[in-house]
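Residues per chain are reported as follows:
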Amino acid sequence: MVDVACNVCSRFRDPSFQMKSHKLPLLLSACALTSLSPGALLLHWNLDDGTGTTAADSSGNGYDGGYLTGTPAWTATGGASGGYVSFDGTDTNEAFRTTSFPTISGAGFTPFTISTWVRFTNTGNKTPAVLRTGANSSYYSIKTQSGVARQVARNTTEVVNTAGAVNDGEWHHIVAVYLGESSRQIFVDGVAGPEDTMNVPFLVPTGFSIGALDRSASSVVDEFAGDIDDVQLYDHAISAADAAYLFNNAGSAVVPEPSTGWMACLALGLGLVRRRR
């Protein structure tokens with residue numbers, strides 16, 4: 001597809017082609033077909049809802065979260081950004097689960113990123129956020145155990161990547177980046193933690209949940225006890241700079257920037273318009 005864009009751009013370089021200003025949108029559209037950086041924000045639950053049983057997806061993709069049982073404990077202010085939702089860690093169905101879900105991967109592994117803010121004080125084995133795969137014993141998640149932030153990849157066998165303690169009752173930002181079957185990295189409060197390289201065969205994710213390890217349609221385990229805010233899911237591995245940005249700008253999302261190819265195409269179009277006038 002890149003070749004298509006390049007061919008279009010080369011056509012505009014042809015001196016016999018009379019570029020008119022009204023044709024500039026055509027050029028930009030052709031370049032934009034393929035020159036934007038890959039990756040997108042799939043899901044963004046800012047958790048400012050304040051009422052009801054739905055965590056609205058503000059990404060524009062419509063992947064809302066439905067509360068499994070009862071009524072969520074919303075708080076309107078005091079979150080990492082705006083409001084947040086609390087979990088008491090005791091209700092077996094206290095979790096939000098996606099009501100629909102996008103395709104993250106086709107053939108082979110496709111990188112992805114889970115990002116969330118948490119606030120808690122306990123030391124138990126808890127799961128603030130999990131990307132389910134449809135298999136009961138296989139998933140990708142952000143966990144906390146012994147007060148420490150953990151990145152988990154599990155396909156029958158669990159592989160854990162750990163960072164620092166985060167159970168001091170203050171808001172902390174955790175990012176779990178999955179770059180490949182043998183490459184994962186965790187970030188806490190914008191600081192890169194260790195990289196993990198143990199192999200975990202990939203399984204295609206089928207759903208996303210917060211508040212517990214949501215492994216089946218009937219019940220959940222490892223219920224989180226604490227507060228959660230501003231949950232995001234990306235269909236690519238965000239960079240260290242992106243992780244730092246999310247920490248320093250709670251409530252904001254990372255938006256892919258135009259690639260150098262797109263910018264070159266734009267400059268070419270503007271230059272041609274200027275010369276033909």
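Residues numbered from 1 in each chain as written. Predicted model: local features only at pLDDT ≥ 70, side-chain atom pairs only at ≥ 80, totals over all residues. Heavy atoms only, no water.

Can you tell me about the overall build of the protein chain, naming the residues and giving the values?
Secondary structure summary: the protein chain contains four helices and 16 strands in total. Residues classed as buried in the protein chain amount to 47% of the 277 residues present. Contacts in the protein chain between residues far apart in sequence, at least 24 positions, make up 63% of those at least 6 positions apart. Carbon and sulfur atoms form 52% of the exposed surface of the protein chain, whose accessible area is close to 12,100 Å². (Helix = DSSP H or I, 4+ residues; strand = E, 2+ residues; numbered from the N terminus. Buried < 20%, exposed > 50% of the residue type's maximum accessible area, 1.4 Å probe, protein only. Contact = heavy atoms within 4.5 Å. Areas by Shrake-Rupley, 256 points an atom, 1.4 Å probe, with all protein chains shown as cover.)

Outline unusual backbone geometry, listing residues and values.
In the Ramachandran plot, Asp189 falls in the positive-phi region, its phi being about 55 degrees despite a non-glycine side chain. Here Asp189 is to be found in the loop between β13 (183-188) and β14 (191-196). Here the phi dihedral of Asp222 falls at roughly 50 degrees; this positive angle occurs in a residue that is not glycine. Looking at the element boundaries, Asp222 is found in the loop between β15 (207-210) and β16 (225-234).

With reference to specific residues and values, describe the packing of aromatic side chains.
All chains considered together, the criterion is met by 12 aromatic pairs. Between the aromatic rings of Tyr67 and Phe96, the centroid separation amounts to 4.9 Å while the plane-to-plane angle is 55 degrees, which identifies the pairing as tilted. Pair noted here: Tyr67 is in strand β3 (residues 65-67) and Phe96 is in strand β6 (residues 96-98), with a separation of 29 residues, a long-range link. Here Tyr84 and Trp171 contribute two aromatic rings whose centre-to-centre distance is 5.4 Å and whose plane-to-plane angle is 75 degrees, an arrangement assigned as edge-to-face. With Tyr84 in strand β5 (residues 84-88) and Trp171 in the loop between β11 (157-165) and β12 (172-180), this pair connects stretches of sequence that are 87 residues apart. The same class applies to Tyr84 as to Trp171, namely buried. Three or more aromatic residues joined by ring pairs make a cluster, and in this case those are Phe109, Phe112, Tyr140, Tyr178 and Phe202. The side chain of Arg119 reaches across the aromatic face of Tyr84, ending 5.1 Å from its centre. (Phe/Tyr/Trp six-rings, centres within 6.5 Å; stacked < 30°, edge-to-face > 60°. Lys NZ or Arg CZ within 6 Å of the ring centre and 35° of its normal.)

Everything listed here is a matter of geometry and, on its own, says nothing about what the molecule does.
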